[in-house]
Amino acid sequence: MKTKSHKKESEKSLVSEQAVAYGNTSYRNFVFQNDYSLVKKAKAGIQTDVFYTFAESIKMPEKMLASVLNLSPRTISNYRELNKSLEPNHSEHLLKLIALFEKGKEFLGNIDEFNNWLEKPFWNSEEKPSDFLNTSGGVDLLIVRLERMAQGYPI
């Protein structure tokens, strides 16, 4: 029984990854309901086509997104040419970014509003949310901030 549900999850991830590669810009299939599923997918690796499609859909230059993931644009390009998946730590970071941007679109209405929010300093601080994108923990912090904001708490 366990194997059957694992197989379905793997098939779902594969279908989702292919949908992104062919231009479906909804990343809801990459937003996992629990950390275990996210880590399992990250360990399997994310294809570089997801990176490029995601960068385009969130209106972020590929060089900037690569920098956020702590990779060089050339490394991403090499991975694409070799049809190699991202390493687990970069895959996890990318999956968390996808979840963050999906929540941002959901709570703020569209990607442009969310990108504006990322550049506005936090209340009573000089730090901007975009300053926290380059670490997995920073992305987690921003997800919590968005959820609190959606519940009416000041951030």
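Shown above is the structure to which this text applies.
Residues numbered from 1 in each chain as written. Predicted model: local features only at pLDDT ≥ 70, side-chain atom pairs only at ≥ 80, totals over all residues. Heavy atoms only, no water.

Participant: Honestly, the overall build of the protein chain in this entry has me stumped. Any pointers?
Facilitator: Helices and strands together make up the secondary structure of the protein chain, namely eight helices and zero strands. The N-to-C order of helical and strand elements in the protein chain reads α-α-α-α-α-α-α-α. Within the protein chain, counting contacts between residues at least 6 apart in sequence, those at least 24 apart form 62% of the total. Summed over its atoms, the accessible surface of the protein chain is roughly 9,400 Å², and 50% of this surface lies on carbon and sulfur atoms. (Helix = DSSP H or I, 4+ residues; strand = E, 2+ residues; numbered from the N terminus. Contact = heavy atoms within 4.5 Å. Areas by Shrake-Rupley, 256 points an atom, 1.4 Å probe, with all protein chains shown as cover.)

Participant: Help me understand the nonpolar core in this model?
Facilitator: Note on soluble globular proteins: their nonpolar side chains tend to be buried together. Leu94, Leu97, Leu100 and Phe101 are the most contacted members of the largest nonpolar core, which totals 36 residues. Elements supplying a minimum of two residues to this core: α2 (35-44), α3 (48-57), α4 (62-68), α5 (73-81), α6 (88-108), α7 (111-119) and α8 (136-150). Broken down by element, this core gets its largest block of residues, seven residues, from α6. (Core = buried A, V, L, I, M, F, W, Y, C linked by side-chain atoms within 4.5 Å. Buried < 20%, exposed > 50% of the residue type's maximum accessible area, 1.4 Å probe, protein only.)

Participant: Would you take a moment to explain the packing of α3 against α6 for this structure?
Facilitator: A pair of packed helices can be characterised by two numbers: the angle between their axes and the separation between those axes. α6 packs onto α3 with a crossing angle of 30° between their chain directions and a minimal axis gap of 11 Å. Classified by the interaxial angle, the pair formed by α3 and α6 is roughly parallel. In terms of crossing hand, the pair formed by α3 and α6 is left-handed. Here α3 contributes Val50, Phe51 and Phe54 to the contact with α6, which in turn contributes Leu94, Leu97, Ile98 and Phe101. Classifying every residue of the contact of α3 with α6 by side-chain character gives seven nonpolar, no polar and no charged. (Axes fitted to C-alpha atoms, helices over the stretch in contact; angles between N-to-C directions. Parallel < 35°, antiparallel > 145°, perpendicular 65-115°, else oblique. Left-handed = near helix turned anticlockwise from the far one by under 90°. Nonpolar A, V, L, I, M, F, W, Y, C, P; charged D, E, K, R; others polar.)

Participant: Explanation requested: the packing of α3 against α5 in the structure shown.
Facilitator: It is at 9 Å that the axes of α3 and α5 come closest, and there the two elements cross at 130°. Here α3 lies oblique to α5, going by the angle between them. Counting all contacts with α3, which are made through Thr48, Asp49, Phe51 and Tyr52, the residues of α5 involved are Ile76, Ser77, Tyr79 and Arg80.

Participant: Help me understand the pattern of salt bridges in this model?
Facilitator: Oppositely charged side chains are able to pair whenever their charged atoms sit close together. With the rule as written, the count across this model stands at nine salt bridges. Between Glu81 and Arg74 there is a salt bridge; the shortest N-O distance is 3.8 Å. When the shortest N-O distance is used, the salt bridge between Asp140 and Lys96 registers 3.0 Å. Of this pair, Asp140 sits in helix α8 while Lys96 sits in helix α6, and the two are 44 residues apart along the sequence. Owing to a relative accessible area of 32%, Asp140 belongs among the partly exposed residues under this scheme. Taken together, the salt bridges that share partners define one network made up of Glu92, Lys96 and Asp140. (Salt bridge = Lys/Arg side-chain N within 4 Å of Asp/Glu carboxyl O.)

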